[in-house]
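Architecture at a glance
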Amino acid sequence: MARRREAITLHEAAERLGVHYMTAYRYVRTGRLPAVRDGAQWMIDPQDLDRMREPARPGRGSAISWEERAERLAARMVAGDEAGAWTVIESALASGAEPADVHLNVLAAALRDVGEGWAGGRLSIADEHRAATIAHRLIGRLGPAFARRGRTRGTVVVGAPAGEHHGLPSAVVRDLLRGEGFEVLDLGADTPVESFVESAHQADRLAAVAIGVTLPGQDAVLRSTIRALRRARVVAPVLVGGAGTRDEAHALQLGADGWTGHDGSSAVAAVVTAVGRAG
């Protein structure tokens, strides 16, 4: 009789499948991947993992990697070629990638490449602006793929505070959260404190408020936004994150209930966890 292999965590399962944690989590939620909860962890039988086809790998039957797709997309965005950029997205979807993986592995990676190119002097500010404009349009076209029917898990207010001019990260998080069954109010970039408070009060079944910054040095505006939400008696979890925050300790020092990490995948996981605890 074959010896049963020891169960592995969902994080380990995601690594073996070559997908993001949130993608593996969706497999569990939709029944594609059997799992058993052990405390706060989902545990996976490796035999179930073996029986599962490898989904969401770009170019199934093709040699195109995530990195190659991201490089192609970055080139098309810098060139201002929306049609060519969308062709890269469509190709990834046609190869078996899920919309969330396209956001995280292709679009986000392409934006990082563009950002690094600008920071390193290889791209101009005009190049960066063309790429950002195309990225906004691509997100708009891909957004409907994240819509889910039925009752939502509540509303999450997301946005960047006053002085933060990057709205793309919140747009990506918005779509990923919608894919997880949340209604999302995306306030975008440079959002005044009053708009966070008003939107939180007007939200139907407010589940959380997520505030993101891309650059360091914005502690003062984050603290003032969080304090305003507290004074307004917003009781839902308030989370902060983005590249402009260091870690969970930093988030707690700012007065937040938690940290959403530095990317869209960790942001969604943090919201799901915070809402579960609050519920």
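Residues numbered from 1 in each chain as written. Predicted model: local features only at pLDDT ≥ 70, side-chain atom pairs only at ≥ 80, totals over all residues. Heavy atoms only, no water.

**Side note on the overall build of the protein**
Defined as follows: Think of it this way: any DSSP run of H or I at least four residues long counts as a helix, any run of E at least two long counts as a strand, and we number them from the N terminus. Radius of gyration here uses only the C-alpha atoms, and the compact-globule reference equals 2.2 Å multiplied by the residue count raised to the power 0.38. Pairs of residues are marked as contacts when any of their non-hydrogen atoms sit within 4.5 Å. Only the protein chains shown count as cover for residues, and all accessible areas are computed by the Shrake-Rupley method using a 1.4 Å probe. The sign given to each residue is positive for Lys and Arg and negative for Asp and Glu; His and the chain ends receive no count. Charge positions come from single atoms, namely NZ of Lys, CZ of Arg, CG of Asp or CD of Glu.
Counting its secondary structure elements, the protein contains 12 helices and eight strands. Computed over its C-alpha atoms, the radius of gyration of the protein comes to 19 Å, within 12% of the 19 Å expected for a compact globule of 279 residues. In terms of overall dimensions, the protein has C-alpha extents of about 65 × 50 × 35 Å along its principal axes. Put simply, of all contacts in the protein between residues at least 6 apart along the chain, 69% involve residues at least 24 apart. Of the roughly 14,000 Å² of accessible surface on the protein, 51% is carried by carbon and sulfur atoms. For the protein, the separation between the mean place of its 34 positive charges and that of its 34 negative charges on side chains is 5 Å.

**Considerations on the sheet that holds strand β3 (residues 41–44)**
The strands that make up a sheet are held in pairs by hydrogen bonds between backbone atoms, and each pair lies either parallel or antiparallel. The cut-off we apply is this: Only strands joined by at least two bridges in the DSSP assignment are considered to pair.
Strands sit in the order β1-β3-β2 across an open sheet of three strands; the sheet is antiparallel. If you trace the sheet from one side to the other, it starts and ends with β1 (8–9) and β2 (36–38), each paired once. In this sheet, β3 lies alongside β1 in antiparallel orientation, the contact comprising two bridges. Looking at the pairing, T9 lines up with M43 of β3.

**Thoughts on the environment of R122**
Where we set the bar: N or O atoms closer than or at 3.5 Å make up a polar contact, with two conditions inside protein: a donor-capable atom paired with an acceptor-capable one, and, for residues adjacent in sequence, both atoms drawn from side chains.
Structurally, R122 can be placed in the loop between α6 (99–119) and α7 (125–142). It is 23 Å that separates the C-alpha atoms of R122 and G167, two residues lying 45 residues apart in sequence. Here R122 is in contact with E116 and G117, once residues within four sequence places are set aside. A polar contact of 3.4 Å, which involves the side chain of R122, links it to the backbone oxygen of E116.

**Description of a negative patch on the surface**
Selection criterion: Like-charged residues are merged into a patch within 9 Å and nonpolar side chains (Val, Leu, Ile, Met, Phe, Trp, Tyr) within 5 Å, provided each residue has over 30% relative accessible area and no salt bridge. Salt bridges are defined as contacts in which a side-chain nitrogen from Lys or Arg sits within 4 Å of a carboxyl oxygen from Asp or Glu.
Among the surface-exposed residues, E67, E68, E71, D113 and E116 lie close enough to one another that they form a single negatively charged patch. Counting residues per element, the ones that place at least two in the negative patch are α4 (66–78) and α6. By residue number, the principal contributor to the negative patch is α4, which donates three residues. Its place among the elements puts E67 in helix α4.

**Quick look at the pairing of strand β4 (residues 155–159)**
Heads up, the rule is: We call a residue buried when its accessible area falls under 20% of the maximum for its residue type, exposed when it is over 50%, and partly exposed in between, using a 1.4 Å probe and counting protein chains only. When the strands point away from the viewer and the connection leading from the first strand across the helix to the second strand turns clockwise, the crossover is called right-handed.
When you tally the buried positions in β4, you get five out of five residues, the bulk of the element. The side-chain alternation of β4 yields two buried faces, one formed by T155, V157 and G159 and the other by V156 and V158. Viewed along the sheet, the connection from β4 through helix α8 (residues 168–179) into strand β5 (residues 183–186) turns out right-handed. When β4 meets strand β6 (residues 206–212), the two strands line up parallel, connected through five bridges. Across the sheet, residue T155 finds its bridge partner in β6, namely L206.

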